[in-house]
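# Secondary and tertiary structure notes
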Amino acid sequence: MTSRFWTIPNAISLARVAMIPFIVQAILRDAWMTGFVLFLIAGLSDGLDGFIARYFRQRSRFGTYIDPLADKALTIAVFGAFAADGIVPVWLLVLILARDIAIVAGAMLMATRGAASAIRPLPISKVNTAILIVLAGWLLAANAFEWSLPNVNYALIALVVFLTAVSAAAYVRLLVGGLGGNAAKHVGQPDET
């Protein structure tokens, strides 16, 4: 892992962060095709920066933080715009925010207890994030192409709620175990990029 700041994966992650206001603006202006295309580009860039980091040995310490933060910022901003536009209920945004805040708080608590090296994402958290991205992409595509399949919306939202609850419970269990003297092997934070 390099300590360099300027790597291609980091530049791609920063570009993804820079795209967020444009995606949000597209959603709020009901420019669904623009929002969908920009979101698709952002999603592809996430895969691309990880590929470059792994296969061209451009992993960096900065990348371990900026990549997941870019993903979280994109997800929260998009769901915030959806909630403001009435596409998803506000309680879903609150649930997503509450889980992320709790994970960050737990990771910070573990770091203050000397378990910073144990901070890693759980597989259930990665699945949860992937389903959130699928839901966001689906909602953008459904509006862009004027698909009306409310059962798909409800099913994806129900899956997000279920995975969020399971993920939160898994982190609480690890946090309680870690605070009880058993260092947690994972307390959700960044993937390496």
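Before reading on, note that the structure itself is shown above.
It should be emphasised that the depicted structure is a prediction, and the values quoted were computed from it without experimental measurement.

## Observations concerning the pattern of salt bridges
Scanning the model with the defined rule gives six salt bridges in all. Between aspartate 49 and arginine 16 there is a salt bridge whose closest N-O contact spans 3.1 Å. Residue aspartate 49 is located in helix α2 (residues 32–55), and its partner arginine 16 is located in helix α1 (residues 8–28); the two are separated by 33 residues in the primary sequence. The shortest N-O distance in the salt bridge between aspartate 100 and lysine 72 comes to 3.1 Å. You can see aspartate 100 sitting in helix α4 (residues 90–112) and its partner lysine 72 sitting in helix α3 (residues 61–85), a full 28 residues away along the chain.

## Details of the packing of α3 against α4
With their axes 9 Å apart at the nearest point, α3 and α4 run at an angle of 160° to one another. In terms of their interaxial angle, α3 and α4 are classed as roughly antiparallel. In this structure, the crossing between α3 and α4 has a hand that is left-handed. Within the contact between the two elements, α3 uses Lys72, Ile76, Phe79, Gly80 and Ala83 and α4 uses Val90, Leu92, Leu93, Ile96, Leu97, Arg99 and Asp100. Grouping the constituent residues of the contact of α3 with α4 by class yields eight nonpolar, one polar and three charged.

What counts, and where the lines are drawn
Residues numbered from 1 in each chain as written. Predicted model: local features only at pLDDT ≥ 70, side-chain atom pairs only at ≥ 80, totals over all residues. Heavy atoms only, no water. Salt bridge = Lys/Arg side-chain N within 4 Å of Asp/Glu carboxyl O. Helix = DSSP H or I, 4+ residues; strand = E, 2+ residues; numbered from the N terminus. Axes fitted to C-alpha atoms, helices over the stretch in contact; angles between N-to-C directions. Parallel < 35°, antiparallel > 145°, perpendicular 65-115°, else oblique. Left-handed = near helix turned anticlockwise from the far one by under 90°. Contact = heavy atoms within 4.5 Å. Nonpolar A, V, L, I, M, F, W, Y, C, P; charged D, E, K, R; others polar.

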